[in-house]
Amino acid sequence: MKKKLIALMLCMSMVFSMTACGGSDSESKKDSGNGTEAADDSGSDVDYIKGKGTLVIGITEFEPMDYKDESGEWIGFDADMAKLVAEELGVEAEFVVIDWDSKIMELDSKNIDVVWNGMTLTPEVTSAMECTKAYCNNAQVVVVPEEKKGVDLADLTFAVEAGSAGEAAANDKQFNMNSVASQADALMEVKSGTSDAAIIDLLMAGAMIGEGTSYTDLICTEELTTEEYGVGCRKDSDLAEFINGVFEKTYGDGRMMETAEAYGVQEAVVEQ
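Visitor: Quick one: what's the story with the nonpolar core, residue by residue and with numbers?
Guide: Counting residues in hydrophobic clusters, the biggest one holds 56 residues, and the most contacted among them are L55, F77 and W116. Counting residues per element, this core draws most heavily on helix α4 (residues 77-89), which supplies eight residues. Membership of the second largest hydrophobic core comes to twelve residues, among which are V142, V160, A169 and A170.

Visitor: How would you summarise α4 if you had to cite specific residues and measurements?
Guide: Taking 1.5 Å of rise per residue, 13 residues should cover 18 Å, and α4 covers 19 Å from first to last C-alpha, within 8% of that figure. For α4, every residue scored as buried is listed here: F77, D78, A79, M81, A82, L84, V85, A86 and L89. G90 lies just past α4 and shows a positive phi near 80°.

Visitor: Quick one: what's the story with the packing of α4 against helix α10 (residues 239-252), residue by residue and with numbers?
Guide: The N-to-C vectors of α4 and α10 enclose an angle of 110°; their axes lie 10 Å apart at closest approach. Relative to α10, the element α4 is oriented roughly perpendicular. Here M81, L84, V85, E88 and L89 of α4 come into contact with α10, specifically with L239, F242, I243, V246, F247, K249 and T250. The class makeup of the residues in the contact of α4 with α10 is nine nonpolar, one polar and two charged.

Visitor: Give me the layout of surface pockets: which residues, what numbers.
Guide: Looking at the largest pocket, its volume works out to about 290 Å³. Every residue lining the largest pocket is counted, 24 residues in all, and those nearest its centre are W100, K103, G163, S164 and A165. Of the voids in this model, the second largest pocket is the one considered here, and its volume is about 210 Å³. Surrounding the second largest pocket, 14 residues form its lining, E61, E63, M208, S214 and Y215 being those nearest its centre. Secondary-structure elements contributing two or more residues to the lining of the second largest pocket are α8 (183-192) and α9 (202-208). Across the lining of the second largest pocket, the residue classes tally to eight nonpolar, three polar and three charged.

Visitor: How would you summarise unusual backbone geometry if you had to cite specific residues and measurements?
Guide: With an omega of 15°, the peptide bond running from E63 to P64 counts as cis. Relative to the assigned elements, P64 resides in the loop between β1 (54-59) and β2 (67-68). The backbone of K110 shows a phi angle near 65°, a positive value even though the residue is not glycine. The topology assignment puts K110 in the loop between α5 (103-108) and β5 (114-120).

Visitor: Go over α10 with me, naming the residues and quoting the values.
Guide: Counted at 1.5 Å a residue, the expected span for α10 with its 14 residues is 20 Å, and the 20 Å between its end C-alpha atoms agrees. A positive backbone phi angle near 95° is found at G254, which sits one or two residues after α10.

Visitor: Explain the pattern of salt bridges to me, using residue names and the numbers behind them.
Guide: Throughout the structure, instances matching the rule amount to ten salt bridges. Sharing partners across several salt bridges, the network here consists of D45, K52, D113 and R234.

Visitor: Requested: an account of the packing of aromatic side chains, with residues and values cited.
Guide: In this structure the tally under the stated criterion is six aromatic pairs. An angle of 90° between the planes, with centres 6.3 Å apart, marks the rings of Y67 and Y263 as edge-to-face. With Y67 in strand β2 and Y263 in the segment after α11 (255-262), this pair connects stretches of sequence that are 196 residues apart. On the accessibility criterion, Y263 (17% relative accessible area) is buried. Relative to F175, the ring of F158 lies with its centre 4.6 Å away and its plane at 20°, an arrangement referred to as stacked. Within this pair, whereas F158 is found in strand β8 (residues 157-161), its partner F175 is found in the loop between α7 (165-173) and β9 (176-180), the two being separated by 17 residues in sequence. Note on F175: relative accessible area 13%, which makes it buried. An aromatic cluster is present here, built from F77, W116, Y135, Y229 and F247 joined pairwise through their rings. In this structure, K110 packs its charged tip against the face of Y48, placed 4.0 Å from the ring centre. Sitting over the face of the ring of Y215, K191 holds its NZ or CZ atom 5.3 Å from the ring centroid.

What counts as what
Residues numbered from 1 in each chain as written. Predicted model: local features only at pLDDT ≥ 70, side-chain atom pairs only at ≥ 80, totals over all residues. Heavy atoms only, no water. Core = buried A, V, L, I, M, F, W, Y, C linked by side-chain atoms within 4.5 Å. Buried < 20%, exposed > 50% of the residue type's maximum accessible area, 1.4 Å probe, protein only. Helix = DSSP H or I, 4+ residues; strand = E, 2+ residues; numbered from the N terminus. Expected span 1.5 Å × (residues − 1). Axes fitted to C-alpha atoms, helices over the stretch in contact; angles between N-to-C directions. Parallel < 35°, antiparallel > 145°, perpendicular 65-115°, else oblique. Contact = heavy atoms within 4.5 Å. Nonpolar A, V, L, I, M, F, W, Y, C, P; charged D, E, K, R; others polar. 1 Å grid on protein atoms, 1.4 Å probe; cavity = no way out; pocket = protein on both sides within 12 Å on 5 of 7 lines; lining within 4 Å. Points joined across faces, edges and corners; volume = space filled by probe spheres on them. Salt bridge = Lys/Arg side-chain N within 4 Å of Asp/Glu carboxyl O. Phe/Tyr/Trp six-rings, centres within 6.5 Å; stacked < 30°, edge-to-face > 60°. Lys NZ or Arg CZ within 6 Å of the ring centre and 35° of its normal.

Here's what the structure looks like:
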């Protein structure tokens, strides 16, 4: 009798054990069905972004590409194009101001999903990010007060944005320089007299200096480099190809050029 009781208890124990295992497996399957987790596991950035419902865009203040209007909304050619991509993804566009020198780290840590701010396609950028094809032409130019026009550039101290193509150009020319947080800060340095000159993007210079701007006494004197802009995504991300598709679509239907014309950069747009 005692042996039968022991056998019955062992049998019941096995049944409970199997039931528990079955429940655990069921919960595991249920968890793997979560949209966000599935997107993470798939390795697809497009799915990941759709799952969380936002496209987070890393920027600096850079007129005419990314800047705030009177109501505090981010606008500009890049900002408006990013909103079109977010619309195609079915998510909200969220803009985050970053330290430009830390853009790769911000991207890899998933604090942002793209770097989209008039970013020059340098070897450093293209080796560390999955980049879109070029969408705009640009150049790095020297900006000085009118009274310094004609001064030997080797005798000037330049304000440059840290981690930018302007900083790289200054290094190549072995100019004296002060690194600042943004190109807007570089212009402020020149206006205040803290630096003699600045090296900034040609497109920014066209929008920010001269008649009708806050920097009426600043002029462009020399073009140091020519370059192309692209959007940076995480390495091996499928998002870059998705954005390329939106570029082709919006160039074909006229929306890209219409957006460019609104900010005066239509001459710089690269055919898609």
